[in-house]
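Geometric and topological summary
As a plain string of letters, each chain reads:
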Amino acid sequence: MPGIIEAKIVKLSYLILLMTATVSCQKDKNTDLIKVNTLPKILHEISGITMLSDHNLYAINDSGNSNTLFCLNQKGKIVREIKISETKNIDWEDLAYDKEDNIYIGDFGNNANDRKDLVIYKVSGILSNTIVTSKIEFIFEDQKKFPPKKKRLNFDVEAFVHLNGNLYLFTKNRGKKSKGVTKLYRVSATPGKHMAKLIGVYETCKNYSNCLITGATINRSEDKIALLTHNKVFLLSNFKGDNLFDGSIQKIALKHNSQKEGICFKNDSILFITDEKQGHKKATLYKYQFEK
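Residues numbered from 1 in each chain as written. Predicted model: local features only at pLDDT ≥ 70, side-chain atom pairs only at ≥ 80, totals over all residues. Heavy atoms only, no water.

With that settled, consider the overall build of the protein chain. Helix and strand counts for the protein chain stand at 1 helix and 20 strands. Looking at the 292 residues of the protein chain, the share that counts as buried comes to 49%. Taking all contacts inside the protein chain whose residues are at least 6 apart in sequence as the whole, residues at least 24 apart take part in 49%. With the model as given, the accessible surface of the protein chain reaches about 14,400 Å², and the carbon-plus-sulfur share is 53%. (Helix = DSSP H or I, 4+ residues; strand = E, 2+ residues; numbered from the N terminus. Buried < 20%, exposed > 50% of the residue type's maximum accessible area, 1.4 Å probe, protein only. Contact = heavy atoms within 4.5 Å. Areas by Shrake-Rupley, 256 points an atom, 1.4 Å probe, with all protein chains shown as cover.)

Below is the structure:
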């Protein structure tokens, strides 16, 4: 009898373990995000991600952290750390890429809207380990005061993409009593000093606190752009010319609210998304699958 009881206990324990494993692999029914993995502690303030042709993810932390570019596999594990010499992480906020596998690091975080040292670092030779860094410095053509009045605090940037030899920046609106209006600027991707030209504006929503743009990415075909907020994605398509808001814009609710700041395309149907550490919740890598 004791042997039979022990056997039943073992069988029951196995079934419980199997059920637990099955549940943990399922997508949370309350959100369309699929959790891939928690991220290493060193990436607790992850602020931007992108992907190169080696199919690895590249990530940065924001202000107050080192000037390091982290190479991750698609499970979120660090496989390489790259110190970007001759740079300083004042407020690194996003990453972009071009078809030559150059990475652009946006040091344009500007919470107080008073910075006069905005810069984008162009980093070449990442895959060949022959790193060369150059600077793209810029100012906004329509900013006259540093800082401007509280209702005009719309010169903070946390999102950009590379397209046709230019960089397109999307602002994070901090204006007092402001609607969720993001401004779109164009900056040349050529190293040097430039004027950021205002191209267009788009109202993401009425309740701006839920619609501040915190990340951006463009697919390899360069016909889709995804803009990230804490709880949704805006998918831009069918755009022509400079004004990327002139095409179709689809609003996608993620049914999940956290400090999301990193986004990139894995392919045309899957996005990678990251959020920062908040309280006891670790920074996390997610996937989002577009509906077919």
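We now examine the side chain of D91. With respect to the element layout, D91 can be found in the loop between β5 (78–83) and β6 (94–97). There is a polar contact of 3.5 Å between the side chain of D91 and the backbone nitrogen of S63. Residue contacts for D91: discarding those within four places in its chain leaves D62, S63, G106, D107, F108, G109, N110, N111 and R115. (Polar contact = N/O pair within 3.5 Å; in protein donor to acceptor, adjacent residues only side chain to side chain.)

To continue, consider the state of the cysteines. If you walk through the whole model with that rule in mind, you get 1 disulfide. Across a sulfur-sulfur distance of 2.1 Å, C205 and C211 are joined as a disulfide pair. Handedness of the C205-C211 disulfide follows from its S-S torsion of about 120 degrees: it is right-handed. Of the two residues, C205 and C211, both sit in the buried class. (Disulfide = S-S within 2.5 Å.)

Here we come to the sheet that holds strand β1 (residues 33–38). The strand order β1-β20-β19-β18 describes an open sheet built from 4 strands, whose pairing is antiparallel. The sheet terminates laterally at β1 and β18 (260–267), the two strands that pair on one side only. Neighbour-to-neighbour, the strand axes of this sheet turn through a mean angle of 25 degrees, independent of strand direction. Of the strand pairs in this sheet, β18 and strand β19 (residues 270–275) are connected by 6 bridges, and their pairing is antiparallel. Each residue of the ladder has a partner; that of C264, found in β19, is F272. (Pairing = 2+ DSSP bridges. Axes fitted to C-alpha atoms, helices over the stretch in contact; angles between N-to-C directions.)

Counting 33 residues, the largest nonpolar core has Y58, L69, I105, F170, L227 and L244 as its most contacted members. Each residue touching Y58, except ones within four places of it in the same chain, is listed here: G48, I49, T50, L52, L69, F70, C71, I82, L95, I103, I126 and L127. Formed by 17 residues, the second largest nonpolar core is a distinct cluster that contains I120, F155, A189 and A196. (Core = buried A, V, L, I, M, F, W, Y, C linked by side-chain atoms within 4.5 Å.)

With that settled, consider the environment of L43. Inspection of the secondary structure puts L43 in the loop between β1 and β2 (46–51). Residue class for L43 comes out buried when judged on its relative accessible area of 0%. Spatially, the C-alpha atom of L43 lies 9.3 Å from that of K282, the residues being 239 residues apart in sequence.

What follows concerns the sheet that holds strand β16 (residues 232–237). One open sheet holds the 4 strands; their spatial order is β14-β15-β16-β17, and the pairing between them is antiparallel. Because the sheet does not close on itself, it has two edges, and the strands there are β14 (215–218) and β17 (248–253). Put simply, the sheet's adjacent strands are angled 20 degrees from each other on average, direction ignored.

Our focus in this paragraph is the pattern of salt bridges. Tallied over the entire structure, the rule returns 11 salt bridges. Here K255 ties to D32 by a salt bridge, and the two come within 3.6 Å at their closest N and O atoms. Here the residue K255 occupies a position in the loop between β17 and β18, and D32 occupies one in the loop between α1 (2–24) and β1, the gap between them amounting to 223 residues. In this structure, R174 and E158 form a salt bridge, with 3.9 Å as the shortest nitrogen-oxygen distance. Here E158 lies in strand β10 (residues 156–163) and R174 lies in the loop between β11 (166–172) and β12 (181–188), a separation of 16 residues in the sequence. Assessed through its relative accessible area of 2%, E158 is described here as buried. One network of salt bridges, in which partners are shared, links D156, E158, K172 and R174. (Salt bridge = Lys/Arg side-chain N within 4 Å of Asp/Glu carboxyl O.)

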